[in-house]
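Observations on the three-dimensional arrangement
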Amino acid sequence: MYYVKLIIDKSAIDNITAILKTPFVRDNKLIVEKLDFTTTCKSVSAGKKCTCSKGYRWRDRVYQSHENDCSGDKCTFTQNLNPMCISDNTVNINGSLTLYGMSYHECLSNKEDKVINCTNNLLQKMKEVYSTLSGFDSIAIGNYSVGSIIADFTMTIAAPISTDKLSSKSKELEKKLKDPKDANGLDASIFLETRGIVKLSIPSGLVLYNSNATISCSTNEDLGKPKWHLKTDYTNVITTGTESEVIINGNESTVKLNYTSERWAGEYTCTYKKGHISHKASAVLRVSLLPNIRITTDPSFPRCQRSNDLRHVTVKCEIRNSSETYKVNWDNKNVDSKIDTFVPSSPEKILSYEAKTFVGCQPPIPNVTCTFKNRLNQTRKAEIEIITINVNDAYCEADGEWEETKANYTAVLQCKNAAGQKKRKCNEENQRGIWGPVESACVNLEVHDVLERAITADVGLGELADNAAIVFSRLQNVTNSTDKINSFANMNASVEVLVSMSSKLNHIHNESTVNDVLESSSNLLEESLSSSWGTDNTKSGHLKTNEGEGSSSHVSLAERYLSSVEQLIVVANFTTASRKKNIEVEERNCTQGSQCTNKVFNVNVSLHSSIPDSVKTAGMKQLEKYLPYNDTVEPNSIVVTATTKGKQTAGVKVTIDFALKNPRAPNTQILCVFWCNNTRSWSQYGCKWEGPSEEGRCVCEHLSSFAMLVSKTPLTIPGITEITYVGLSVSIVSLIISLVIEMSVWSALVKTNSLYLRHTAHINISVCLLVADCCFLASSTPEKIDQIWCKTSVVLKHFCYLSMFFWMLCLSTTLLHKAVFPFHNLSKRNYLRFSLVLGYVCPLLIVVITFIANDGGAEDLYFSRRTCWLVYKGFMKGSIHTFLIPIGIIIFVNVFSMLVVIMKLLDHPKNIQKSNEKEKTAAKTVMRSVILLTPIFGGTWIFGFAVTILDLTHGDIAFVVNYAFTLLNAFQGLFILLTTCLGEKQTREALLNRFRNKTLASTASSSTKLDSTWKK
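The paragraphs below set out a description of the structure included in this document. (Residues numbered from 1 in each chain as written. Predicted model: local features only at pLDDT ≥ 70, side-chain atom pairs only at ≥ 80, totals over all residues. Heavy atoms only, no water.)

Considerations on the pattern of salt bridges
Under the criterion given, the structure shown has 25 salt bridges. The closest approach of N and O atoms between Glu496 and Arg560, which form a salt bridge, is 2.6 Å. Placement of the pair is Glu496 in helix α7 (residues 488-504) and Arg560 in helix α9 (residues 557-571), with a sequence separation of 64 residues. Residue classification places Glu496 among the partly exposed residues on the basis of a relative accessible area of 26%. A salt bridge links Glu624 to Lys661; the shortest N-O distance between them is 2.5 Å. Remark: Lys661 occurs in the loop between β41 (652-657) and β42 (670-676) and Glu624 occurs in the loop between β38 (613-620) and β39 (633-635); sequence separation between them is 37 residues. (Salt bridge = Lys/Arg side-chain N within 4 Å of Asp/Glu carboxyl O. Helix = DSSP H or I, 4+ residues; strand = E, 2+ residues; numbered from the N terminus. Buried < 20%, exposed > 50% of the residue type's maximum accessible area, 1.4 Å probe, protein only.)

Concerning the packing of helix α6 (residues 464-479) against α7
Helix-helix packing is characterised by the crossing angle of the two axes and by the distance between the axes. α7 packs onto α6 with a crossing angle of 160° between their chain directions and a minimal axis gap of 11 Å. When the interaxial angle is binned, α6 and α7 end up roughly antiparallel. Taken as a pair, α6 and α7 cross one another with a handedness that is left-handed. Within the contact between the two elements, α6 uses Leu464, Ala468, Val471, Phe472, Leu475 and Thr479 and α7 uses Ser494, Val497, Leu498, Met501 and Lys504. Across the contact of α6 with α7, the residue classes tally to eight nonpolar, two polar and one charged. (Axes fitted to C-alpha atoms, helices over the stretch in contact; angles between N-to-C directions. Parallel < 35°, antiparallel > 145°, perpendicular 65-115°, else oblique. Left-handed = near helix turned anticlockwise from the far one by under 90°. Contact = heavy atoms within 4.5 Å. Nonpolar A, V, L, I, M, F, W, Y, C, P; charged D, E, K, R; others polar.)

Considerations on the environment of Thr297
Relative to the assigned elements, Thr297 resides in strand β20 (residues 294-298). In this structure Thr297 comes out as buried when scored by relative accessible area, which is 10%. Distance in space between the C-alpha atoms of Thr297 and Val313 is 6.7 Å, their sequence separation being 16 residues. Here Thr297 is in contact with Val313, Thr314, Val315, Ile384 and Ile386, once residues within four sequence places are set aside. Side-chain polar atoms of Thr297 contact the backbone oxygen of Pro299, separated by 3.0 Å. Of note is the side chain of Thr297, whose polar atom sits 3.4 Å from the backbone oxygen of Ser300. (Polar contact = N/O pair within 3.5 Å; in protein donor to acceptor, adjacent residues only side chain to side chain.)

Considering the state of the cysteines
With the rule as written, the count across this model stands at twelve disulfides. Across the disulfide from Cys217 sits Cys270; the S-S distance is 2.0 Å. With a gap of 53 residues between them, Cys217 in strand β13 (residues 213-218) and Cys270 in strand β18 (residues 266-274) connect regions that are remote in the sequence. What makes Cys217 buried here is its relative accessible area of 1%. Judged by relative accessible area, Cys270 falls into the buried class, the value being 0%. Paired by a disulfide, Cys790 and Cys868 hold their sulfur atoms 2.1 Å apart. Classification of the bridge connecting Cys790 and Cys868 rests on its S-S torsion, roughly -135°, and on that basis the disulfide is left-handed. With Cys790 in helix α13 (residues 787-820) and Cys868 in the loop between β47 (863-864) and β48 (869-870), this pair connects stretches of sequence that are 78 residues apart. When its relative accessible area of 0% is taken as the criterion, Cys790 is described as buried. The structure places no disulfide on Cys800, whose sulfur is separated from the nearest cysteine sulfur, that of Cys768, by 5.3 Å. Overall, the relative accessible area of 5% leaves Cys800 in the buried class. (Disulfide = S-S within 2.5 Å.)

Put into structure tokens, the structure is as follows:
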């Protein structure tokens, strides 16, 4: 049997048998059967126009090499080309045969004759098997390679063929080629790729831009599910996506394209795989494209020197170079001269079409339009108004790369070595143009490429999971270098990658992809990139996204970052805890009704749920600084996200133990908050702070992203300042009155040693309290006085309040001495020496030692600048204890002394004689003073200590204690006046006697003067 391909004139067909006998076949019994016309050609002016007969088609390579010359089954060729159509049923097979053993080792010989001989022997055995296939046409070995012995071959079957028959013949050949010298050796192995068994249907000719297209492939046998590939600059698997749909119906598979563009133009391949044989069909889809046009003028704003000037202007329309051939038309309005057009001569990456003209400086505004028409007559146009700077117009002068720009207009420049544009507005002030700041939307080319890949990840080119792996791997690589993303535009583009991918992915199982997600997300939170987050606008919650005109996005960069990373963490599969520099994620499976705890960046998150679920916890550093918050609070923790696989919204209790970034200042409120996407702000709903005793703990009733905010200003007590001012003023006046009374009736009261003791102590206590109250009043607003005055007032208050208590100790100890040793009398001089040492020297030593021990009275060690008082840092910590411990001891000694004295006074027969009634009365007076002053002073400072340890955030109890201390402390002077002065019977009588004597003396003096007058 002979299979012959002929190119002959149609008139010679009747003599085909005779023609073939002479040059080709030396057999008298020649019979010509199945004579088919494959290709018909006619001469035309451009060469020859050829058409495929029914049942025949052009080879794929003909279409690819003559894309612009073919339309359907018709192609135009030059005279010297003679391509032929092939049968729709022709099966072309490419194979790879691997031989084991040494039987065919000469096929790899360096000697040509041995190679030819080996090849002939191998071909003979292959023909013996494959020539039995119906329609067998030819088989040829192309080349050999090493790896055992590998022979690449091609085979043609000029008729339909059964895939099962082809498979069985290949297995037969594998056994036939086994090395006979190696009984236990391996059979040969054959891998085949067929073209012709699978039929592929594709739109012929050009396809309209942005239209629908359907490509289908089918087989006569059930070969399983095929895979589709598209080859452009690189090869991608075709899947169901936003722009494509893959449908399988029986033995037919269809790809439906919803949006034909440059992305979908290329070679489509449909592949069925069955065993060691791949069955393929390929065809090319050609799309007539439309460009994206960037139109500009040079200069951007022509400036007129005179009102009747004509200015030369060049209009440029720039497009990316592609396979499409465009016809460009120019149109204009209000242009004063003809347009000269220029077409780019060299095929650069960017093609620039130019039009040159002249424009006038008078209204109306000139307008130029460029229109691009593709091969299917679809058009796309761009237009621009040519804004001139007239004689009296304000404008900004040229500044570096920025050209002269008319006031109230914006100059635009294309970014150099980056994607995007940068803008600069020319503002008008006082009829002059003033340049505004540069707004750059320049994005690093690598970042831009990653974003483009992310946006198209789900269009249908490539598996989404594979595309995601590529996107996150590239994002991780580019974000490793902070220099590439150290601007808002780059940060915005990087976050947009996360946003885009989070909206597309339903799961991430690949461990490497999960690692890249976390690594790139962590890189974006580097502290050195803080200025790239647009933090100037964060507090308002709105950021300029620089996404171009018409952008409706006002969501802050940090918000988009949080929501996208949170979603990516939800869909990611974490086999182990993952910790990066700025992000840590931990996942744990919780059983029903149990409490499970995750720990991220030293923050413990415990979840108690009524149903079993998988809990993921993520901690994100630095993010809290970028999320919007109002001016009254500031973040004081990292952001922690808690989610479950089942996305529970109710029936959960989340306890978060935060590590505070900065210690909480006293009386400042901490807010436990979560990020609410509805209000786009931090919200306290469903979250509660556990109070100052556990100041890092929050308890919430839902899952979300949590943080702690701390108030910038401490809580205040309503009316406390007014009470302090009024009370201290009253006390100071009361103490002065008390001292005046004491001094005026001193001689009438001090008649015994006990009374001398009592009134001496009273005067010194009043003086100390007077000085302390004056200092207290002077330092009541610490923020308004200098540090040195604050420190001085603390020292004086520390000393005076201690002296006051030590003088009370003088009273109680002296009284105790008299009660225990009634017959041992102290002289006034000795008592005064003892009292001065105890009342002033001891407090002074305590204050001096405390001052020196605390780094010379250093702020926050000895005194607090916020309160102008001693420092409390916890139990037995802080300078306040050098005040509280002494007064505590003094109060205890006073109480003990009073109990002993009372017992002695009640024991009349044994200890008190009738002759000693005056001393007894005086002792009772002294004791009464001690009994009254001890609770007044001691009780006040018990509340004072409670004020120190009770934070205002404790609630109502703290407010009650503060009010009690303020009232008692502020009115101590009044209490002394009313109790130990005016409340003392002897003092009142002495004061009344003094007033009577003064009145009598005044009356007597008046009478004497009157008598003298009468005598005269």
